[in-house]
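Architecture and fold: a report
So the chains spell out like this:
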Amino acid sequence: MQRVFRMNMRSIIIICFWLAACLWCSCNDKETPDKPAYGYNKQQAINLFPEQLANNDEAKNDLSFEEAVTRSGLVLYTSKLILIDSSFQRSLLPVYLYKASQGMQIKPQKQTAQNNAFLFLSRKKLFNGKQFPDSVYLFLRTIENNKILRDKINIQYQWVDNAPLVTR
């Protein structure tokens, strides 16, 4: 009899602790209004690099035509601009490879026709599709810090950042 009483007493104590824990947890959920209904804590996004966000906001402003000409080392007016390849889904930074041919060189002040095709890189997509249907000004600068592209693959130029795609 005492054995049954001890067993019942143990089970009653365990049930009491279990009920107290359940009530305590359910009361805590109602006290904090910032928790969602499904019981998980809200996650807050913390920007670890706020200076990059500020730089990107400043960089989104497009240059005017005159500013783009002054920042570029080569300005070319061409009617044949073709998108060769892109690394949009293959890498973290998108890089687009373009081919320009049959253009008129505006800067430096040569005003000569270029019949040979050349390749250049861009960090943004300049147009939709494979080929640009109209004549366009290209604002290019030489690649400074990538000798492999210059020497082995013969890519000499890259698009000036934030330069507009100007058609005539």
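The structure under discussion appears in the preceding block.
In this report, we go over the structure that sits alongside the text.

What counts as what
- Residues numbered from 1 in each chain as written.
- Predicted model: local features only at pLDDT ≥ 70, side-chain atom pairs only at ≥ 80, totals over all residues.
- Heavy atoms only, no water.
- Helix = DSSP H or I, 4+ residues; strand = E, 2+ residues; numbered from the N terminus.
- Core = buried A, V, L, I, M, F, W, Y, C linked by side-chain atoms within 4.5 Å.
- Buried < 20%, exposed > 50% of the residue type's maximum accessible area, 1.4 Å probe, protein only.
- Contact = heavy atoms within 4.5 Å.
- Polar contact = N/O pair within 3.5 Å; in protein donor to acceptor, adjacent residues only side chain to side chain.
- Salt bridge = Lys/Arg side-chain N within 4 Å of Asp/Glu carboxyl O.

A look at the environment of aspartate 62
Along the chain, aspartate 62 turns up in the loop between helix H2 (50–59) and helix H3 (65–71). Remark: the alpha-carbon pair of aspartate 62 and aspartate 161, spanning 99 residues in sequence, is separated by 8.6 Å.

Here we look at the nonpolar core
In this structure, Leu81, Tyr98, Phe120, Leu138, Phe139 and Trp159 are the most contacted members of the largest nonpolar core, which totals 24 residues. Elements supplying a minimum of two residues to this core: strand S1 (74–86), strand S2 (96–107), strand S4 (118–122) and strand S5 (136–142). Counting residues per element, this core draws most heavily on S1, which supplies six residues. If we ignore the near neighbours within four places in the chain, the residues touching leucine 138 are Leu74, Val75, Leu76, Thr78, Leu81, Ala100, Phe120 and Trp159. Of all hydrophobic cores here, the second largest spans five residues; its members include Leu97, Ile143, Leu149 and Ile155.

A short note on the environment of proline 164
Relative to the elements of secondary structure, proline 164 occurs in the loop between strand S6 (155–159) and strand S7 (166–167). Remark: the alpha-carbon pair of proline 164 and aspartate 62, spanning 102 residues in sequence, is separated by 6.2 Å. Setting aside anything within four residues of it in sequence, one finds proline 164 in contact with Leu63, Ser64, Ala68, Phe139 and Trp159.

Things to note about the side chain of serine 72
In this structure, serine 72 sits in the loop between H3 and S1. Assessed through its relative accessible area of 4%, serine 72 is described here as buried. Of note is the side chain of serine 72, whose polar atom sits 3.1 Å from the backbone oxygen of valine 69. Setting aside anything within four residues of it in sequence, one finds serine 72 in contact with Lys107, Phe139, Leu140 and Val160.

Some thoughts on the pattern of salt bridges
For the structure on display, the rule yields two salt bridges. When the shortest N-O distance is used, the salt bridge between arginine 141 and glutamate 144 registers 3.4 Å. Classification of arginine 141 as partly exposed rests on a relative accessible area of 23%. A salt bridge links arginine 141 to aspartate 161; the shortest N-O distance between them is 3.8 Å. Of the two residues, arginine 141 sits in strand S5 while aspartate 161 sits in the loop between S6 and S7, which places them 20 residues apart along the sequence. Residue aspartate 161 is classed as partly exposed on the basis of its relative accessible area, which comes to 41%. Here the residues in one salt-bridge network are Arg141, Glu144 and Asp161, joined through shared partners.

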